[in-house]
Amino acid sequence: MSVPDYMQCAEDHQTLLVVVQPVGIVSEENFFRIYKRISSVSQISVRDSQRALYIRYRHHYPPENSEWGDFQTHRKVVGLITITDCFSAKDWPQTFEKFHVQKEIYGSTLYDSRLFVFGLQGEIAEQPRTDVAFYPSYEDCATVEKRIEDFVESLFIVLESKRLDRATDKSGDKIPLLCVPFEKKDFVGLDTDSRHYKKRCQGRMRKHVGDLCLQAGMLQDSLVHYHMSVELLRSVNDFLWLGAALEGLCSASVIYHYPGGTGGKAGARRFPGSALPAEAANRHRPGAQEVLIDPGALTTNGINADTSMEIGRAKNCLSPEDIIEKYKEAISYYSKYKNAGVIELEACVKAVRVLAIQKRSMEASEFLQNAVYINLRQLSEEEKIQRYSILSELYELIGFHRKSAFFKRVAAMQCVAPSISEPGWRACYKLLLETLPGYSLSLDPQDFNKGTHRGWAAVQMRLLHELVYASRRMGNPALSVRHLSFLLQTMLDFLSDQEKKDVTQSLENYTSKCPGTMELLTLPDGLTLPPVPFTKLPIVRRVKLLDLPASLRPQKMKSSLGPSVSAKSPFIYSPIIAHSRGEERSKKIDFQWVQGDVCEVQLMVYNPMPFELRVENMGLLTSGVEFESLPAALSLPAESGLYPVTLVGVPQTTGTITVSGYHTTVFGVFSDCLLDSLPGIKTSGSTVEVIPALPRLQISTSLPRSAHSLQPSSGDEISTNVSVQLYNGETQQLVVRLENIGMEPLEKLEVTSKILTTKEKLYGDFLSWKLEDTLAQFPLQPGKVATFTISIKVKLDFSCQENLLQDLSDDGISVSGFPLCSPFRQVVRPRVESKPVNAAEGGRPGEPGHVKTLEAVLNFKYSGGPGHVEGYYRNLALGLHVEVEPSVFFTRVSTLPATSTRQCHLLLDVFNATEHELSVRARSDEELILHAGECQRFMPCKPHSARWKEMKHHDETGK
């Protein structure tokens, strides 16, 4: 026997083998449709008996294996069922002849046979026959199962007669010697009258009868016969048949202990005997004894027809531990015979299945290791594939997953061996996929984000490379791209620099023909390959949603109810609502984006590759709001540190938008990278509210921009700063140009000012404007311009500045403790246009170049469009920096006596420090015109006598 049956299990010893084959030309679909119905009749109860009969069907079975039927009866083909198509009466003789030819192949062992004819109708089909069944079509054949049951009953009749015939053989001492095919030549010329020879014949026949009893459903009888056979064969050292007797004893014990079977077949086998289920609770107790045999119960020829006394003496079958020991002994006997390699291999497989049920994996692995080294004949490539695949399944059965994957991978490589003219790359690919779990691999990249890496990375990379190659040879470039992308994404940390370059180069070659996508790939067998996003190319460490610039940030108009009152709840505070909103606050950001405005998200990324990484088509992935992402392209240097990247987009609708991730195109592979699947990423929140659209206002002025950046105490950012230089008392007109550069009309505008300089005392209105004419142009449509004028008038007090005055000469006087100087001691200097920024530091005491600074902020609060309806506005701040220089100096103060002793004239020497003509006016409404750099004496008023009295009174009282 040269063809092993790797699917054999211990309970197959009690089955009858029936071969089902087509005769002539029968379509595969029709054949297997009937074969499935035939094989459904696998167990029947014998009439008028508590025994059950089990059938094992095969649609292909080597005839030479049937020659071992005397050695183990379950290997003998005892039934033949043929299926054929015949549509005319003239073809019937030829069809029936083919049926006879088919029977002749297994003729020496057949108990009975049947021919199922489909398509033939008429007189021939109406003739009653026991061995032929006629059916009009494959659809109209309702009695197939009934015919098979009748056929099985006929097999049982023959089986029972053979069992009784062998068990009641009364032909004296002459018992035929049962042989296996390779033994026949060895027994030529032996002394058939020797005691040794007779015991050999008795032991083999006893073993054979045990097989027949087991097939006939007489489990206890078979146990007795097997035990007696073991004793006889052991005494004559008939090792091959002794191994078979021990294996038969093991099979009967396995059937007794494990009614559900060891082959993993669906449905437990039912035992009609009432004694067996009652003893099921005691089957697994250790130390169960073998059946005790009374040698006196044997007849002279070793066969006793009445075994009832022996059965009564039976304590039990083998215990689960003894089953394995007997299997080991049997296999050791088989190993002595080179021609029994198939028997030894199948015995190992059966023992492994039993050990798998007993959860004894280590012992099972020893049997499998022995099976690996059993030397059979030269196997074909297909048989090698089958052998390695079964070994893989058995290792999987006992929990040796990596060993199972190893043999399955060997089977996969065998499918494309160089000796095969047409390599089976599809079969190779399918087997390689089945090895993935054994090597702790899955095709879902999400599994590699959970904790540390599992498995041997070097072996996993080798397997993934083989998958890439196999899929390419299959002619499926999309599969190659997916597997290579998976290799690069999951094994990046284990690749050397050179391997990274090689893998990326190969990936670019593949994607040039078939770009990588984020679609699910479905294989023909239904397996789906999930997409592989490149979350490590580049690696993102931080994601931050950026607020709009200060000039574009929306602000909510204050409600009259106050911020703490919610319109959705009658309660001022609810702990339930506060708790439920806790998680929302952790993800939601406290600023808003505006519909139609460009929004920004900043990513901190770095490149782990040893070469420059080009990232194309990088943009944002969002949900909740229609969003137009504006993709960007970047190039990261080799092994760069953290590198900021800003991605932008425009929300097209209002609502709550969630930034769920980003998309990239790297090495021709398009990736959607979700933030939830990125390990170790830091984010301050990913959800922000998008409010309705607002207009955008751009301001320009008639004044030049200033280098001074105002810093208001409120922290507001100022978008534009302008500056101007004025003389004290001068008025300047500031023309402000308002342009609506947005897409919504500007409907509302409010202008307010705030003076930042508080130490200077101002006289009069510093800033003044009128908006009536400007507001008359509203609503200001997109692209339109409006202007309005702001008056800047500066009136400051420069009188008490020590560094502007010097001590008077001997003839001068002091007023209020402030010295005054003579104009002849002053050096007149023209105003320098490009003076230092800080005039107080640039001027020296005594120079008329001291400058005072005024700073103010103009706030433009505007709104319009849908945002105005929802109560939102924007605020644009204009910073104003004014440098004020003194225009006149009072260089001398003197008095002249008047007509009355109680009166005097006040004289002031006024100096024009400007380059322009100016007028000086006092209470007397007298106006003095001074040219640039001119100094004149001026009498502003005449003191009244009452004032003099008041001053005298103050001096007398000391107040």
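Residues numbered from 1 in each chain as written. Predicted model: local features only at pLDDT ≥ 70, side-chain atom pairs only at ≥ 80, totals over all residues. Heavy atoms only, no water.

1. Here we look at the overall build of the chain
On a plain count of helices and strands, the chain comes out with 24 helices and 33 strands. Out of the 959 residues in the chain, the part that is buried amounts to 48%. Here the chain displays about 47,700 Å² of accessible surface, and carbon together with sulfur accounts for 51% of that area. (Helix = DSSP H or I, 4+ residues; strand = E, 2+ residues; numbered from the N terminus. Buried < 20%, exposed > 50% of the residue type's maximum accessible area, 1.4 Å probe, protein only. Areas by Shrake-Rupley, 256 points an atom, 1.4 Å probe, with all protein chains shown as cover.)

2. Considering the sheet that holds strand E29 (residues 888-897)
Within the open sheet, the 3 strands sit side by side as E29-E30-E33. Their pairing is antiparallel. In this open sheet, the two edge strands, each paired with only one partner strand, are E29 and strand E33 (935-938). Sheet twist, expressed as the average angle between the axes of neighbouring strands with direction ignored, equals 20°. Taken together, the 9 bridges between E29 and strand E30 (residues 904-912) define a ladder with antiparallel strand orientation. For proline 897, the partnering residue across the bridge sits in E30 and is cysteine 904. (Pairing = 2+ DSSP bridges. Axes fitted to C-alpha atoms, helices over the stretch in contact; angles between N-to-C directions.)

3. Overview of the nonpolar core
Core analysis: the biggest nonpolar cluster contains 81 residues, and Tyr429, Leu488, Leu537, Trp593, Leu603 and Phe667 have the highest contact counts within it. No other element matches the 7 residues that helix H16 (residues 457-473) contributes to this core. For tyrosine 429, the contacting residues outside a window of four places in its chain are Leu467, Ala470, Ser471, Met474, Leu479, His483, Leu523 and Leu529. If you look at the next biggest cluster of nonpolar residues, it comprises 70 residues, including Leu178, Leu219, Ala364 and Ile390. (Core = buried A, V, L, I, M, F, W, Y, C linked by side-chain atoms within 4.5 Å. Contact = heavy atoms within 4.5 Å.)

4. Things to note about helix H1 (residues 28-39)
In this model, H1 (12 residues) spans 16 Å end to end at C-alpha, consistent with the 16 Å of a helix rising 1.5 Å per residue. Here H1 has its buried residues at Asn30, Phe31, Ile34, Tyr35 and Ile38. Across the axial projection of H1, the buried residues extend over an arc of 130°, all falling on one side. With respect to the buried face of H1, the exposed residues turned more than 90 degrees away are Glu28, Glu29 and Lys36. If you follow the buried residues of H1, they end up packed against strand E1 (15-23), strand E3 (52-58), strand E4 (77-85), strand E5 (112-118) and helix H4 (144-167). (Expected span 1.5 Å × (residues − 1). Arc of directions from axis to C-beta.)

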